[in-house]
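Topology and contacts: notes
In case you want the letters, here they are:
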Amino acid sequence: MRTYNNAAQLQAALGKLRREGQTIAFVPTMGNLHEGHLDLVRKARALCDIVVVSIFVNPLQFGANEDLDAYPRTMAADKEKLFSEGAQVLYAPGVEDIYPEGMAVQTVVQVPDLGDTLCGSSRPGHFDGVTTVVNKLFNIVQPDVAAFGEKDFQQLSIVRKMVRDLCMPVKVVGVPTRRDEDGLAMSSRNGYLTGAEREIAPLLHETLNNCREAIACGFDNFLQLESHARMKLLQAGFEPDYFAIRDARTLRAVTEDSEEIAILAAARLGSTRLIDNVRLSLNPAEDWGMLADG
């Protein structure tokens, strides 16, 4: 595995591989890698000849009171994991490499509407930081395929729209959420949970699943379902940010034209903000199959 910190050197190496007919898959990360990240690498390996992984803790997507300084940085361990999974290239730039003139004067890529709701409402500017850095990384790496986790379904939806709107020649692939045995979605932030909080945390996924099952059984009062779910989370010790039943394509309210529902939640447990989602096809023949998939 070759490691590059400089964009020009990375582009020169990838250009040579591309001229040799090699296809390139890209997995952008912020490091502190777990099995969920490694699933992205495995998917990328299955799709292309060369797998490029980036590790960059992007300050542009962190708010003033968020955990940028505390965000875990585990480069040595991350390199070992990526080498074991067969990733051929690691791109690990510094902040000055990505934002050479500083973030205050950085051109920002914004995806309106999709980026303004849910996490976008509670974390103003967060998705502008995400789309800006992903745009820059796509331009540096120029991948054929890019793999993103479905755990952050809103982020995946926003990146897909950015790629469509800007006519970027990148196929964005979503990879199913990797979970611990008790259902908790794997996340770098799970390490912030205390022992007691870790016992409670799986209730977030359980609540999402219960809501999905109710809808699959025909319960269609979504406001009541959302209210009940928020109350259940509050009683368990969470501070819910949102619990929302949305059209999976638009992330707007479900309509008679919706083909798939996304049930999305964000909640703070102690100092840790957790997100998760489940989805449900509105094709009756598929509903119970999706429930079985978890």
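Our structure is the block above this text.
I will try to describe carefully the structure that is included in this document. Computed from a predicted structure; not experimentally measured.

Each value, and the rule that gives it
- Residues numbered from 1 in each chain as written.
- Predicted model: local features only at pLDDT ≥ 70, side-chain atom pairs only at ≥ 80, totals over all residues.
- Heavy atoms only, no water.
- Helix = DSSP H or I, 4+ residues; strand = E, 2+ residues; numbered from the N terminus.
- Pairing = 2+ DSSP bridges.
- Axes fitted to C-alpha atoms, helices over the stretch in contact; angles between N-to-C directions.
- Contact = heavy atoms within 4.5 Å.
- Phe/Tyr/Trp six-rings, centres within 6.5 Å; stacked < 30°, edge-to-face > 60°.
- Buried < 20%, exposed > 50% of the residue type's maximum accessible area, 1.4 Å probe, protein only.

1. Thoughts on the environment of R164
Within the fold, R164 resides in helix α7 (residues 153-165). It is 15 Å that separates the C-alpha atoms of R164 and T132, two residues lying 32 residues apart in sequence.

2. Re the sheet that holds strand β7 (residues 239-247)
Spatial ordering of the open sheet is given by β7-β8-β9, a layout of three strands whose pairing is antiparallel. The open sheet is flanked by β7 and β9 (272-281), the only strands paired with a single partner. Neighbouring strand axes in the sheet, compared pairwise and without regard to direction, differ in orientation by 10° on average. Note that strand β8 (residues 260-269) and β9 share 10 bridges and pair antiparallel. Across the sheet, the residue bridging to A266 is I275, located in β9. Against the sheet, helix α9 (residues 203-216) makes contact with β7, β8 and β9, and its axis sits at roughly 20° relative to β9, the strand it touches most.

3. Comments concerning the packing of aromatic side chains
Any aromatic ring pair is given by two values, namely how distant the centres are and how the planes are angled relative to each other. Applying the stated criterion across every chain, the model contains four aromatic pairs. Taken together, a centroid distance of 6.3 Å and an interplanar angle of 70° make the contact between F26 and F138 edge-to-face. Of this pair, F26 sits in strand β2 (residues 24-29) while F138 sits in helix α6 (residues 126-141); the two residues are 112 residues apart in sequence, bridging distant segments of the chain. Of the two residues, F26 and F138, neither departs from the other in class, the shared state being buried. Through a chain of ring-to-ring contacts, three or more aromatic side chains come together here, namely F26, F138 and F148.

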